[in-house]
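Descriptive analysis of the structure
Given next are the chains, with one letter for each unit.
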Amino acid sequence: MSTNGSIPFDISLVVVQKFIMENAEIARIFYEIADLLEVNGENPFRVRSYRNAADVIDGMPESLKTLAQKGEDGLKGIHGIGDSIREKIFELLATGKCGLLEEILKQMPVGILDILRVSGIGPKKAGALYSALGIATLEDLAEAASSGKLRLLDGFGEKTEAKILRSIKSLKAMSGVFKLSLARPYALTLTEYLGKVHGVTACEAAGSVRRWKETAGDIDILAACDNAEVVMERFTTHPDVKDVIAKGAAKSSVMLRVGIQADLRVVDEKCYGAALLYFTGSKAHNVALRDMAKRKGLKINEYGVFSVKGEKWLAGKTEEDVYKAMGLAWIPPELRENKGELIVAQSKKTFRLLEIADLRGDLHCHTSESDGSYSIEDMAFAAMSRGYEYLAITDHSKAVGVAHGLNEERVVAQMERIDAVNAKLKKRGKNFTILKGAEVDIRADGTLDHPDGVLDRLDLAVGAVHSSFNMDIKEMTARIVRAIKSGKIDVLAHPTGRLIGAREPYAVDMEIVMDAAKKHGVALELNSYPDRLDLNDVHCNLAKHKGVMVALSTDSHSVYNFENIIYGVHTARRGWLEKADILNTMPLSALLRHIRARRGL
DNA sequence: GCCGTTTTCGGCCCGACTGTTTTCAGTCG
C-alpha cells in the first residue's frame, strides 16, 4: 500500500480521529509535499497529483473531517483524490501528522520551501543548490549569492545572483500577496493607459484580478495590437514601473513601485478571446478545458481552438467563440476554478449569477453615533443615490467600547431619530426607508449585549463577535450557535472575523454554525469590506448548498464605503450565489415579512 | 499518484522568456 518511505497507516485508526485539521491545513501539507518531492526530482506526475489534490481540498465547500466521519467511504469519489492521498487524509485527521512528509523532511530541510519562493528559482535549481552547496535557507542563499559562490554552479551566472538578491529583498519587504483592493486599481490604471496607445484595439486585466479573487500575486494584462513593440515600450516605461524583469516581443514583466509585479501579453486581434480566456485562468480551469478539448479531438491554446487533424483554426476572436467551439456556454470569470463550471456549461445557455443591480438595500452600516463618520441622514442619502430602497443603521453595542458602542438608552433615542428622519423622507416623497438596526455584540459566553426588549423593537438585529478571538473551536462554535439559537438576531455579521493578510479567522466550525443558522432562519453576512470578504467564496458556496440566506452588506463607516459592495458582489458570484440566495435582493415589504416570520410574529 | 467515451495500463496542457549556453534547460504562468 504505502510507498516511497511513507509510514504504513492503519485505516482503523479513523475510528479514534481527533478532527484537529481543517481543509486549509491539509491542503498546505500536500502543497509542501508536492514542492519537496519536486525538488527531490520525483516523478512529475506524482508531484502534480499532490498539488492537484491540494487545489481540490482548498476549494471544497465541505470539510474533510465531516466527510471522514461517515467512515472510509466518506472521502471516496472526490476527483483528484485516490487511494493513496485519501489514506494520508485519514492519517492527518487521526494523528495530525503525515508520515510521508516527515520522511521527506528527514532528507531535506524545510527551508527549501522558502527558497522556492525566490523568483527565478524552481525545483531544479533549489535541488542543485542544496546538493552542491548545502543551501537550505533564504539566509544561506543570500550569503552565497552576495559572495559570488553561486556562479560556480552550472546554470548560474552573475545575472542570476543579482536577480536572486533582488528577489530575496522584495520577498522580505512584502508578503508577496496583495489584496484585490490594492491590485485592482493598478490593473485598471494600466489598462486604461495602454488602451490609449495607438493601434491597441482591446486591453483588459486578466488573471486573478478578472476572476475577483480576494488576493492577487500579480497583475496580468492583455492587449490586442498589431504593433506589439510600441505597446511594450510604453508599458515598460510607465512612471509606476520600478524594474523591468523581462521584455520580449509578445510578453513583458515589470515590478511596480508599489511592489507588485505586472505582466503584459500582446496578441493579434484574431486570437484575443482565446488569449483572454487563457490568461484569465485559473490554471485548473485551463487544464480541464484543454483536457476536454483533447477528448473532443480539438486543441486549445492562447491562439485559438484548432482541430487536431490539419491544425485548422476554428475560433479565438472572442471568449464566447472559444467556449462555443467547445460546446459550452460562456463562463463568468469568477467561476473559472474547475469546480464544476465546465460540466454546468455543457448543459446551460447562460449563467445567472448575482448582479449588483439585484440589490435593494444595505443591511450593515455605522454612523457617528458609534465609530462611523457621518449622520443617519448622510448615510441614508448616500444609499439612496445608489438606487437603494432601504438601509439598516446598525451601530455597535456598548461592549465594543473603542467604537463608542450604544447602551439601551442611546439605542432607544436613535430609534426615535430614525422614525423622525423616515417621516421627513416620506413627506418629501422619497421611496426610501431607514431600518432601525444594531450590530449587537456576541459576548464570550454567547449572550447578546442588548436586552431582549431592545432587540425585539429593532427592525433588524445583526450579531457579531468582536472580542475573545482566541477561544478553541468548540467554545467559539458554541458561543456563536448560542447567539443564533436566542432567536434575537436576524443576521450573523462577518462570521469568521478574519482580516485578510492581518488576522486569521477565529477557530469556528462553519458547518455547525450554518446548520444552526438554517434552523433558526438567520442569514449569514458577506461583509464586503475588502479586508474582510467574510464569508469568503468557499463559505458562500457552502451556504448555498445548505440553503442558508446570505446578507450582502458593506459595514460602511462612511458615505464612501458603500462602493465596496462591488467586492462583495463578485465574491458572492465566486461562490455561485444568485439573486434568490441574497437576503437584501428582496424588496422592503418582502424583507420585513421575512424577518417577522423568522421571529415567529 | 490519478484516471478512464483511448477504462486497469499508459498517459498526464502548452508556449514565451531568460540566462546560460552554443542548441537548450529551467522557470513561469
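Reading the values: the criteria
- Residues numbered from 1 in each chain as written.
- Chains lettered and ligands numbered in written order.
- Predicted model: local features only at pLDDT ≥ 70, side-chain atom pairs only at ≥ 80, totals over all residues.
- Heavy atoms only, no water.
- Helix = DSSP H or I, 4+ residues; strand = E, 2+ residues; numbered from the N terminus.
- Rg over C-alpha atoms; globule rule 2.2 N^0.38 Å.
- Buried < 20%, exposed > 50% of the residue type's maximum accessible area, 1.4 Å probe, protein only.
- Contact = heavy atoms within 4.5 Å.
- Pairing = 2+ DSSP bridges.
- Axes fitted to C-alpha atoms, helices over the stretch in contact; angles between N-to-C directions.
- Near = heavy atom within 4 Å.
- Polar contact = N/O pair within 3.5 Å; in protein donor to acceptor, adjacent residues only side chain to side chain.
- Nonpolar A, V, L, I, M, F, W, Y, C, P; charged D, E, K, R; others polar.
- Domains from an automatic or database assignment.
- Buried area = accessible area lost by both parts, 1.4 Å probe.
- Salt bridge = Lys/Arg side-chain N within 4 Å of Asp/Glu carboxyl O.
- pLDDT = per-residue confidence, 0-100.
- Disulfide = S-S within 2.5 Å.
- Phe/Tyr/Trp six-rings, centres within 6.5 Å; stacked < 30°, edge-to-face > 60°.
- Lys NZ or Arg CZ within 6 Å of the ring centre and 35° of its normal.
- Arc of directions from axis to C-beta.
- Core = buried A, V, L, I, M, F, W, Y, C linked by side-chain atoms within 4.5 Å.

Our next topic: the overall build of chain A. The helix and strand inventory of chain A stands at 24 helices and 17 strands. Against the compact-globule benchmark of 25 Å for 601 residues, chain A has a radius of gyration of 27 Å, which places it among compact chains. Seen through its C-alpha atoms, chain A measures out along the principal axes to roughly 75 × 65 × 50 Å. Across the 601 residues that make up chain A, the buried fraction comes to 53%. Excluding contacts between residues fewer than 6 apart, the proportion of contacts in chain A whose partners are at least 24 apart in sequence is 68%.

All right, on to the sheet that holds strand β4 (residues 218–225) then. With respect to topology, five strands assemble into an open sheet ordered β2-β4-β7-β6-β5, the strand pairing being mixed. Each edge of the open sheet is held by one strand with a lone partner, namely β2 (200–205) and β5 (241–247). If you compare each strand with its neighbour and ignore which way they point, the axes differ by 20 degrees on average. Taken together, the five bridges between β2 and β4 define a ladder with antiparallel strand orientation.

Our next topic: the protein's contact with DNA strand B. In the neighbourhood of DNA strand B, 49 residues make up the surrounding shell, with Arg 48, Gly 80, Gly 120, Gly 157 and Arg 290 lying closest. Near-protein atoms of DNA strand B (within 4 Å) split between backbone and bases, with sugar and phosphate holding 79%. Within the contact set of DNA strand B, a phosphate oxygen lies 3.1 Å away from a backbone nitrogen or oxygen of Ile 85. Gly 122 is positioned with one of its backbone polar atoms (N or O) 2.8 Å from a phosphate oxygen of DNA strand B. With five residues, helix α2 (residues 44–58) is the single largest residue contributor to the surface near DNA strand B. In terms of residue class, the surface near DNA strand B is made up of 15 nonpolar, 16 polar and 18 charged.

When cut into domains, chain A gives domain 1 (12–105), domain 2 (111–173), domain 3 (179–346) and domain 4 (356–598). Each side of the interface is counted separately: domain 3 has 17 residues, and domain 4 has 13 residues. Together, the buried faces of domain 3 and domain 4 total about 1,400 Å²; carbon and sulfur atoms form 58% of this surface. If you sort the residues of domain 3 by the area they bury against domain 4, Trp 212, Glu 214 and Glu 334 come out on top, with a joint share of 43%. Taking the shortest distance from any N to any O, the salt bridge between Glu 334 and Arg 573 comes out at 2.6 Å. A per-element tally of the side of domain 3 that touches domain 4 places helix α10 (residues 180–195) first, with three residues. Considered class by class, the residues forming the side of domain 3 that touches domain 4 number five nonpolar, three polar and nine charged.

A few words on the confidence of the model for chain A. Confidence in the prediction for chain A averages 89 pLDDT; 96% of positions are at 70 or higher. Counting interchain partners and residues more than four positions distant, the pLDDT-below-50 stretch residues 1–19 has 35 contacts.

Next up on the list: the state of the cysteines. Applying the stated criterion across every chain yields a total of zero disulfides. Unpaired in this structure, Cys 225 has its nearest cysteine sulfur neighbour in Cys 203, at a distance of 9.8 Å.

Let's shift gears to the environment of Leu 256. Checked against the element boundaries, Leu 256 lands in strand β6 (residues 251–256). Separated by 131 residues in the primary sequence, Leu 256 and Gly 387 have C-alpha atoms spaced 37 Å apart. Excluding its chain neighbours within four sequence positions, the residues that come into contact with Leu 256 are Tyr 186, Leu 190, Ile 219, Asp 240, Val 241, Lys 242 and Ala 262.

Here we come to the packing of aromatic side chains. Across all of its chains, the model carries six aromatic pairs by this definition. Residues Trp 212 and Tyr 567 carry aromatic rings whose centres are separated by 5.9 Å and whose planes lie at 70 degrees to one another, so their mutual orientation is edge-to-face. Taken together, the residues span a long stretch of sequence, with Trp 212 in the loop between α11 (207–210) and β3 (215–216) and Tyr 567 in helix α23 (residues 565–574) at a distance of 355 residues. Across the pair, exposure class does not vary: Trp 212 and Tyr 567 are buried alike. Ring plane angle 70 degrees and centroid distance 6.2 Å describe the contact between Phe 351 and Trp 576, whose orientation is recorded as edge-to-face. With Phe 351 in the loop between α16 (341–347) and β11 (361–362) and Trp 576 in the loop between α23 and α24 (588–598), this pair connects stretches of sequence that are 225 residues apart. Since its relative accessible area comes to 18%, Trp 576 is described here as buried. One Lys or Arg, Lys 270, reaches over the ring of Trp 313 and ends 4.4 Å from the middle of that ring. In this structure, Lys 299 is placed above the aromatic ring of Phe 306, and the distance from its NZ or CZ to the ring centre is 5.8 Å.

As a further point, take helix α8 (residues 138–146). Every buried residue of α8 is accounted for by Leu 138, Leu 141, Ala 142, Ala 144 and Ala 145. Angular distribution of buried residues about the axis of α8 spans 165 degrees; they occupy a single face of the element.

What follows deals with the nonpolar core. Formed by 93 residues in total, the largest nonpolar core has its most connected members in Leu 264, Phe 432, Ile 434, Ile 480 and Ile 484. Residue assignment places this core across two domains, with domain 3 (179–346) and domain 4 (356–598) each supplying three or more. Apart from the residues within four sequence positions on either side, Phe 432 is in contact with Ala 380, Ala 383, Met 384, Tyr 388, Glu 389, Tyr 390, Leu 391, Asn 422 and Leu 425.

All chains considered together, the criterion is met by 42 salt bridges. The partner of Glu 204 in a salt bridge is Arg 210, with the nearest N and O atoms 3.9 Å apart. Judged by relative accessible area, Glu 204 falls into the partly exposed class, the value being 29%. Residues Lys 544 and Glu 578 are paired through a salt bridge, measuring 2.8 Å at the closest nitrogen-oxygen approach. You can see Lys 544 sitting in helix α22 (residues 537–546) and its partner Glu 578 sitting in the loop between α23 and α24, a full 34 residues away along the chain. Residue Lys 544 is classed as partly exposed on the basis of its relative accessible area, which comes to 27%. Within the structure, one salt-bridge network assembled from shared partners comprises Glu 204, Arg 210, Glu 319 and Arg 336.

Our next topic: the sheet that holds strand β10 (residues 313–315). Whenever strands of a sheet pair, they do so through backbone hydrogen bonds, lying parallel or antiparallel. The sheet built from three strands is open, its strands ordered β8-β9-β10 with antiparallel pairing. Taken across any chain shown, the strands that pair with only one partner, and hence form the sheet edges, are β8 (298–301) and β10. Neighbouring strand axes in the sheet, compared pairwise and without regard to direction, differ in orientation by 35 degrees on average. In the sheet, β8 pairs with strand β9 (residues 304–307) via four bridges, with the strands oriented antiparallel. Looking at β9, one finds that Lys 299 is bridged to Phe 306.

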